[in-house]
Amino acid sequence: MKSMTCQDLGGPCTLAHRGDSADDIINAQDRHLKELAKAGDDAHVPARDDMKGRWRHPVKSLGWYNDVKKRFAALPEG
């Protein structure tokens, strides 16, 4: 299991997301951004808007996705 922070994925905070794959961590980040933006945390709204755009335009966002996968693969287990 590996971890990446909200900041590692373009968000404003240091909350760590853990997962067995980059997709697990990306999905955890998406849930995190949705929850905090819905709760009124204005600092997370821009990152949430960016994530929404990536889900809506996956081909256009392939560079971001591949970068996250590459950085995830380079992380040590733990």
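As shown above, the structure is provided for reference.
As the structure is a prediction and not an experimental result, all values here were calculated from the model.

### Some remarks on the packing of aromatic side chains
- Considering all chains together, one arrives at 0 aromatic pairs under this definition.
- Positioned above the aromatic ring of F72, the side-chain terminus of K2 is 4.9 Å from the ring centre.
- Here the basic side chain of R54 rests over the ring of W64, its NZ or CZ set 3.8 Å away from the ring centre.

### Observations concerning helix α2 (residues 45-56)
- Taking 1.5 Å per residue, 12 residues should reach 16 Å; α2 reaches 16 Å between its end C-alpha atoms and fits that length.
- Among all positions of α2, only A47, R48, M51 and R54 are buried. Down the axis of α2, the buried side of the element spans an arc of 120°, and every buried residue falls inside it.
- Against the buried residues of α2 lie α1 (22-38) and α3 (62-74).

About the thresholds
Residues numbered from 1 in each chain as written. Predicted model: local features only at pLDDT ≥ 70, side-chain atom pairs only at ≥ 80, totals over all residues. Heavy atoms only, no water. Phe/Tyr/Trp six-rings, centres within 6.5 Å; stacked < 30°, edge-to-face > 60°. Lys NZ or Arg CZ within 6 Å of the ring centre and 35° of its normal. Helix = DSSP H or I, 4+ residues; strand = E, 2+ residues; numbered from the N terminus. Expected span 1.5 Å × (residues − 1). Buried < 20%, exposed > 50% of the residue type's maximum accessible area, 1.4 Å probe, protein only. Arc of directions from axis to C-beta. Contact = heavy atoms within 4.5 Å.

In short, geometric facts, not functional conclusions.
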